[in-house]
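# Structural description and commentary
Each chain, letter by letter, is given below.
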Amino acid sequence: MAHTLFSLRGPVSALALSLVALLGLMRLAQAVEIQEVTSPKGITAWLVEDHTVPIIALDFSFDGGSAQDPVGKEGLTRLLAATLDEGAGEMDSETFQAKLEELAISINFSTGKDRFYGSLRTLTPTLDEASDLLALAVNEPRFDEAPVERMKAQLSQRARRNESDPDAIAGRALAEAMFGDHPYARPTLGTAETLAGLNADDLANQKGKLLARKGLIIGVVGAIDAETLAGILDKVFAPLQEEGQLVQIPDFEPEFGTGVNQQLAVPQTTILLGLPGLTRDDPDYQAAFVMNHILGGGTFTSWMYEEVREKRGLSYGAGTSLSPYAHTGLLIANAATKADRADETVKIMLEQISRMAETGPSEDELQSAKQYLTGSYPLRFDSSGKIARQLVALQNAELGIDYFDRRNSEIEAISLDDVKRVAKRLLADKAPTVVTVGPKQG
């Protein structure tokens, strides 16, 4: 099990945080024990029971995310996430939000490309009220005109800011270049124009498509036993329809080898390189995870950081990351530099990618990476919220209830041959998609 670190107000919360501070280091060394709980009405959740402090974290996800937005209604699922807690049942937005504030309850919703997420944070004494409010938000959202228009305005403002933000422009250009007309190319946030056309009927229809018992994943951590949790699960999730109305998203091989340059009057040039990645269920994923750490994921110890930042001072930082989706995967490299050194920076980044593909790391670099990746793993479990999110992520990826116990041994088992093999598989003879956004050079 793991302790809980998360901010709430009032004397009970102060006591909780004090206890956490005292017990944190001891509890980090303990194993996370996961129970599988099935409610009387068939709702299943993974539970880590921890009565150290009177706090409960409940996270969940539904199959289907922003990739389910209809063409011309981009941003719909993101708007749904913003409005589910803006009034529900007989409570309008102001009343619902005031109740959350009064009881120090947090309810949040968000979306990715493939899944729709929700979370609840509450103290044990307010669990009944918190689960009532969550049940209303999930099952009886109001979508009243005033809060819907307010949320649309907020999201539209953000979308307009993104039109002049180099990172956002680069990310969208990379997605469009690599995904073409695939649903992954559509912006999760939408645009000011698409958001303006959305209404309450659109939100109600999208809720009906996404929020269903089939594909529902739940993770719970905190001061709650299995029997109590079972009742909460039925209250919140049993009223949902059995199956949603999802559009089938096709598997996809992204396009590589194109170049996109967009001029923007900003101090630096933002650089993104797109390369093949892996889905999370690929047998080579752990080897790719270790390889990526050495190439650019390890920040201060990675090749990208060392060559781009430390040796040449071209950028404050340079790195790589794996992006596994349900239907494809990417490896993305990033940096930002002065406009007149953008070409040089891209060249150095490409050299590190070629070096990884052709020679791979040394045995010492591999051992150092594995030591870091296994040693830092407990940091993912230093709060109830982090553990709850991990429980959901594990189920989303179908990694098994024993993954916490297996994970470090899987990392330790990665050999130098494994890393070199996956590096050749992903990087050898691959021309990345290169996106630069910044001022005109020379």
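Just so it is clear, the structure is predicted and the values come from calculations on it, not from any experiment.

Moving on: the overall build of the protein. When helices and strands are counted, the protein shows 16 helices and 11 strands. Its C-alpha atoms give the protein a radius of gyration of 23 Å, within 12% of the compact-globule value 22 Å for 442 residues. Considering the protein as a whole, with its 442 residues, one finds that 55% of them fall into the buried category. Sequence-distant contacts, at least 24 apart, represent 81% of the contacts inside the protein between residues at least 6 apart. If you sum the accessible surface of the protein, you get close to 19,500 Å²; carbon and sulfur atoms cover 50% of it. Considering the protein, the positive charge centre built from 42 side chains and the negative charge centre built from 62 side chains are found 4 Å apart.

Judged by pairing direction, the sheet is mixed, and its 6 strands sit side by side in the order β1-β2-β6-β3-β5-β4 without closing on themselves. Each end of this open sheet is capped by a strand with a single partner; those strands are β1 (35–38) and β4 (106–111). Sheet twist, expressed as the average angle between the axes of neighbouring strands with direction ignored, equals 20°. When strand β3 (residues 55–63) meets strand β5 (residues 115–123), the two strands line up antiparallel, connected through 9 bridges. Across the sheet, the residue bridging to Ile56 is Thr122, located in β5. Contacts between helix α4 (residues 127–139) and the sheet are confined to β3, β4 and β5, with β4 contributing the most and set at about 30° to the helix. Helix-sheet contacts for helix α14 (residues 384–396) involve β2 (44–49), β3, β5 and β6 (217–222), and the interaxial angle to β6 is about 155°.

Glancing now at the confidence of the model for the protein. A residue-level look at the protein finds 93% of positions with pLDDT of 70 or above and a mean pLDDT of 92. Within the model, pLDDT remains below 50 along residues 1–26, and this stretch shows 50 contacts once partners closer than five positions in the same chain are excluded.

In a regular helix each residue adds 1.5 Å, so 13 residues correspond to 18 Å; α4 covers 18 Å between its end C-alpha atoms and thus fits that length. Buried-residue contacts for α4 involve β3, α3 (93–102), β4, β5, α8 (200–210) and α9 (226–237).

This next bit is on the environment of Lys235. Within the fold, Lys235 resides in helix α9. Relative accessible area serves as the criterion here: at 30%, Lys235 is assigned to the partly exposed category. Between the C-alpha atoms of Lys235 and Ala135, which are 100 residues apart in sequence, the distance is 6.6 Å. A polar contact is formed between the side chain of Lys235 and the side chain of Ser131, at a distance of 2.8 Å. For Lys235, the side chain forms a polar contact with the side chain of Asp132, separated by 2.9 Å.

Attention now goes to the nonpolar core. The nonpolar side chains of a soluble globular protein tend to be buried with one another. One finds Phe60, Phe109, Ile218 and Phe237 to be the most contacted residues of the largest nonpolar core, which totals 54 residues. By residue number, the principal contributor to this core is α4, which donates 8 residues. Setting aside residues up to four positions removed in sequence, Phe60 forms contacts with Phe109, Phe116, Tyr117, Gly118, Ser119, Leu134, Val138, Leu216, Ile217, Ile218, Phe237 and Val392. Among the nonpolar cores identified, the runner-up in size contains 38 residues, and Leu295, Met349, Ile411 and Val419 belong to it.

Before going further, it helps to spend a moment on the packing of α3 against α4. How two helices pack is summed up by the angle between their axes together with the distance between the axes. At a closest axis distance of 11 Å, the pairing of α3 and α4 adopts a crossing angle of 150°. Accordingly, the angle class assigned to the pair α3 and α4 is roughly antiparallel. The handedness of the crossing between α3 and α4 comes out as left-handed. For the pair formed by α3 and α4, the contact residues are Phe96, Lys99 and Leu100 on the first element and Leu133, Leu136 and Ala137 on the second. In terms of residue class, the contact of α3 with α4 is built from 5 nonpolar, no polar and 1 charged.

Moving on: the packing of aromatic side chains. By the definition in use, this model includes 11 aromatic pairs. Aromatic pair Phe60 and Phe62: ring centres 5.8 Å apart, planes at 80°, arrangement edge-to-face. Judged by its relative accessible area of 1%, Phe60 is buried. Aromatic ring contacts, followed pair by pair, group Phe60, Phe62, Phe109, Phe116 and Phe237 into a single cluster. Across from the ring centre of Trp303, 3.6 Å away, lies the NZ or CZ of Arg355, which sits over that ring. Lying across the ring of Tyr377, Arg407 places its NZ or CZ 4.0 Å from the centre.

Thresholds applied
Residues numbered from 1 in each chain as written. Predicted model: local features only at pLDDT ≥ 70, side-chain atom pairs only at ≥ 80, totals over all residues. Heavy atoms only, no water. Helix = DSSP H or I, 4+ residues; strand = E, 2+ residues; numbered from the N terminus. Rg over C-alpha atoms; globule rule 2.2 N^0.38 Å. Buried < 20%, exposed > 50% of the residue type's maximum accessible area, 1.4 Å probe, protein only. Contact = heavy atoms within 4.5 Å. Areas by Shrake-Rupley, 256 points an atom, 1.4 Å probe, with all protein chains shown as cover. Lys, Arg positive; Asp, Glu negative; His and termini not counted. Charge placed at Lys NZ, Arg CZ, Asp CG, Glu CD. Pairing = 2+ DSSP bridges. Axes fitted to C-alpha atoms, helices over the stretch in contact; angles between N-to-C directions. pLDDT = per-residue confidence, 0-100. Expected span 1.5 Å × (residues − 1). Polar contact = N/O pair within 3.5 Å; in protein donor to acceptor, adjacent residues only side chain to side chain. Core = buried A, V, L, I, M, F, W, Y, C linked by side-chain atoms within 4.5 Å. Parallel < 35°, antiparallel > 145°, perpendicular 65-115°, else oblique. Left-handed = near helix turned anticlockwise from the far one by under 90°. Nonpolar A, V, L, I, M, F, W, Y, C, P; charged D, E, K, R; others polar. Phe/Tyr/Trp six-rings, centres within 6.5 Å; stacked < 30°, edge-to-face > 60°. Lys NZ or Arg CZ within 6 Å of the ring centre and 35° of its normal.

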